[in-house]
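Fold and geometry: a report
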Amino acid sequence: VRPALRMFDRALADHCGRSFLDVFKIGYAFLTTPTADAGVSPVDLGVLQPTEMVSTDDRIWLMSQRSEDPQDGCELARVDPLTGATSTTPLPTCAFNGVAGDDGALYFETATIAPDSLTHEIRIVKVDAATGAAQTLDPIAMRVEGTASGHTQLAYADGSLWLWGTVEGSSEIHEVSTQTGEVERVITNAPAIGGTEPVMAATPGQLWLAGGPGVPPTLARLDTTTGSLTNGPSLAADAPGTVEWLASRGNEVDVGVLGTGLTGTTPRSHIVAVATDGSVLHNVEVDDVGGQVVATSGTLWTLMASSHCEHIVLSWIDTSTFTPVRIHSFPGSAPCTASGPRHLAAVGPHVFVLDQGLYRVTL
C-alpha cells in the first residue's frame with residue numbers, strides 16, 4: 001500500500017508543480033491521532049557520531065564529530081527524511097546550539113578559549129542549507145567565563161540571531177547580525193539562567209524566555225523591534241516547578257513545567273499555554289512534560305529520559321486537551337545522550353529521535 005500511495009503523491013506533486021514533501025505534509029494534516037503503533041525505524045548513519053540535530057523544511061541536519069577526539073573536527077550531515085540517505089559537508093570548526101533561519105541558512109555557536117585566560121569567545125558558524133558551504137563569522141558575539149559557555153542559548157527570530165548567556169555575572173541577550181556576526185544590540189537584565197541551558201521560543205515580534213531548570217518558572221518576553229523586556233507571567237503559584245521547554249504555535253507559547261511538588265506529595269507537572277500578552281490560556285496537570293519538545297502541524301512531541309536513562313519515552317500531545325500520549329519507548333543507554341538538548345526534531349510526518357543513533361518515527 002505504501003509504495004502505491006507514494007506513487008500517487010509524486011504524481012500529484014508533479015501535477016501541482018510542488019515537491020513530493022509538500023504533498024506529504026498536506027496528507028499529514030489529515031492523519032488520525034498518533035498511537036503506539038507508529039512505525040519506528042533506525043536510520044543508518046554509518047560512522048557518523050552526531051551530537052545534536054536541527055531540522056529545516058526538507059532535511060534533518062546532524063552535527064557530527066569525525067572521531068571520538070574533538071580535535072579531529074566536525075562535519076555536518078544532511079539526512080533525507082524520506083529515504084534516510086545522508087551526505088556530509090566539512091565544517092571549519094565543531095559547533096553547537098544549532099538553529100534554522102527562514103533565510104535558507106543554519107546557524108551554530110562555536111567557542112574558543114582566549115589566550116592565557118578562562119574566557120570563552122563565542123562566534124557564529126553560518127551554513128548555507130542549499131550548498132552546505134560553511135563559514136565562521138569573524139566577530140565575537142559574546143564573551144563568557146569558564147563553564148558559562150555551556151549555559152548559553154541561540155535562537156533565530158525576525159531576521160536576527162539572539163544569543164543568551166551570562167556576561168561578567170549578568171544575564172544578557174545579544175542581537176547578532178546573520179550577515180556579519182556583529183553584535184547589533186545588547187539587552188541587559190535578562191532572566192537568571194539556571195543550572196543547564198536557558199530556553200527560548202519565537203512568536204511574531206516577540207522572543208519568549210525562561211531560565212530553564214534550577215530557577216523559578218517565570219517567563220519573560222522580548223520585543224524584537226524595540227528591545228524592551230517584559231517580565232511575566234510567573235507560573236510559580238499555579239504551576240510550581242521549573243520550565244523545561246518552550247514551544248511556539250502561531251501567536252501562542254506552550255510551556256512545559258516540571259513539577260517540584262510539596263513535601264510529602266507526588267510532584268505534578270503542568271503544560272501551560274500563554275497568549276501574546278502574557279495571559280494564561282490553559283494550565284493542565286500532567287504526569288510528566290518531557291525534557292525537550294518539538295512543535296509540528298499544531299501538535300507537540302516530547303522526549304523524556306528516565307532518571308537513570310533506562311529508557312527514553314517519546315510522547316505526542318494533542319493541543320486541544322494537552323494530554324500526553326506515549327508513542328514509543330526507546331531502550332536507554334549510558335551516557336544518556338537523549339537527555340541533552342536538540343535530540344528531537346520533525347520534518348513533515350516524520351519525528352526524529354537522536355539517542356546513540358538516529359531513529360525515524362512515522363505515523
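One can find the structure itself at the top, above this paragraph.
These lines cover the structure that appears in this document, whether it is placed above or below. Each chain has its residues counted from 1, running along the sequence as written. The model is predicted, so local features are restricted to residues of pLDDT at least 70 and side-chain atom pairs to those at 80 or more, both for listing and for counting; the totals for chains, interfaces and linings are taken over all residues. Where side-chain values are given, they derive from all heavy atoms of the structure, hydrogens and water being excluded.

Focus: the nonpolar core
- We call a set of buried Ala, Val, Leu, Ile, Met, Phe, Trp, Tyr and Cys residues a nonpolar core when their side-chain atoms join them within 4.5 Å. A 1.4 Å probe rolled over the protein chains alone gives each residue an accessible area, and that area as a share of the maximum for its type sets the label: buried under 20%, exposed over 50%, partly exposed in between. Counting residues in each nonpolar core, the largest one holds 16 residues, and the members touching the most others are Tyr-107, Ile-124, Leu-154, Leu-161 and Leu-163.
- A run of H or I in DSSP becomes a helix once it reaches four residues, and a run of E becomes a strand once it reaches two; helices and strands are each numbered from the N terminus. Broken down by secondary-structure element, the contributors of at least two residues to this core are β7 (105–113), β8 (119–128), β9 (134–145), β10 (153–157) and β11 (160–167).
- With four residues, the top contributor of residues to this core is β9.
- When checking whether two residues touch, look at their non-hydrogen atoms; a contact exists if any pair is within 4.5 Å. Once you skip the residues sitting within four places of it in the chain, Ile-124 turns out to touch Tyr-107, Phe-108, Gln-135, Thr-136, Leu-137, Ala-141, Leu-154, Leu-161 and Val-176.
- Counting residues in hydrophobic clusters, the runner-up holds 15 residues, among them Ala-305, Ile-312, Ile-327 and Val-353.

Description of the side chain of Ser-269
- Within the secondary structure, Ser-269 is located in strand β20 (residues 269–274).
- Reaching out from Ser-269, the side chain makes a polar contact with the backbone nitrogen of Gly-259 at a distance of 3.1 Å. Polar contacts here mean pairs of N or O atoms no more than 3.5 Å apart (in protein, one a potential hydrogen donor and the other a potential acceptor; neighbouring residues in sequence count only if both atoms are side-chain atoms).

Observations concerning the packing of aromatic side chains
- What counts as a ring pair is set by centres within 6.5 Å for rings of Phe, Tyr and Trp (its six-membered ring), and what kind of pair is set by the plane angle: stacked under 30 degrees, edge-to-face over 60, tilted for all other angles. In this structure the tally under the stated criterion is two aromatic pairs.
- For the ring pair Tyr-107 and Tyr-156, a centre distance of 6.2 Å and an interplane angle of 10° mean the geometry is stacked. Taken together, the positions of Tyr-107 in strand β7 and Tyr-156 in strand β10 put the pair 49 residues apart, joining distant regions of the chain. For the pair Tyr-107 and Tyr-156, one class covers both residues: buried.
- Centre to centre, the rings of Phe-330 and Tyr-359 are 5.2 Å apart; their planes meet at 50°, and the pair counts as tilted. Of this pair, Phe-330 sits in strand β25 (residues 323–331) while Tyr-359 is found in strand β28 (residues 358–362), placing the two residues 29 residues apart along the sequence.
- Residue Phe-330 is classed as buried on the basis of its relative accessible area of 2%.
- What makes Tyr-359 partly exposed here is its relative accessible area of 23%.

Details of unusual backbone geometry
- Here the bond from Gly-232 into Pro-233 is cis, since omega is 5°, no more than 30 degrees from zero.
- Mapped onto the elements of the fold, Pro-233 is located in strand β17 (residues 229–234).
- Residue Asn-189 is not a glycine yet carries a positive backbone phi of 60°.
- Within the element layout of this structure, Asn-189 appears in the loop between β13 (183–187) and β14 (199–203).
- Positive phi, close to 60°, is recorded for Arg-342, a residue that is not glycine.
- Locating Arg-342 in the fold gives a position in the loop between β25 and β26 (344–347).
- A relative accessible area of 16% means that Arg-342 is categorised as buried.

Examining the pattern of salt bridges
- The term salt bridge refers to a side-chain nitrogen of Lys or Arg lying within 4 Å of a carboxyl oxygen of Asp or Glu. Per the counting criterion, the structure on display carries nine salt bridges.
- Put simply, Arg-59 and Asp-80 hold a salt bridge, and the shortest N to O gap is 4.0 Å. With a gap of 21 residues between them, Arg-59 in the loop between β2 (49–55) and β3 (60–65) and Asp-80 in the loop between β4 (74–79) and β5 (86–90) connect regions that are remote in the sequence.
- One salt bridge connects Glu-252 with Arg-249, and the closest N-O pair in it is separated by 3.2 Å.
- The network of salt bridges with common partners includes Glu-121, Arg-123 and Arg-143.

Topic: the sheet that holds strand β6 (residues 96–100)
- Two strands pair under a simple rule: DSSP has to find at least two bridges between them. The four strands are arranged β6-β7-β8-β9 in an open sheet whose pairing can be described as antiparallel. Every interior strand has two partners, whereas the edge strands, β6 and β9, have only one. Across the sheet, the mean angle separating the axes of adjacent strands is 25° when strand polarity is ignored.
- Alignment of β6 against β7, held across three bridges, turns out to be antiparallel. If you follow Ala-100 over to β7, its bridge partner there is Leu-106. Orientation is described by axes fitted as lines to C-alpha atoms, over the contacting stretch for helices, and by angles from 0 to 180 degrees between their N-to-C directions.

Here's the deal with the sheet that holds strand β18 (residues 241–249)
- Reading across from one edge, β18-β19-β20-β21 is the order of the four strands in this open sheet, with antiparallel pairing throughout. Taken across any chain shown, the strands that pair with only one partner, and hence form the sheet edges, are β18 and β21 (280–286). Each strand axis lies, on average, 20° off the axis of its neighbour in the sheet, ignoring direction.
- Bridge count for strand β19 (residues 252–259) against β20 is five bridges, and the pairing is antiparallel. For Gly-256, the partnering residue across the bridge sits in β20 and is Ile-271.

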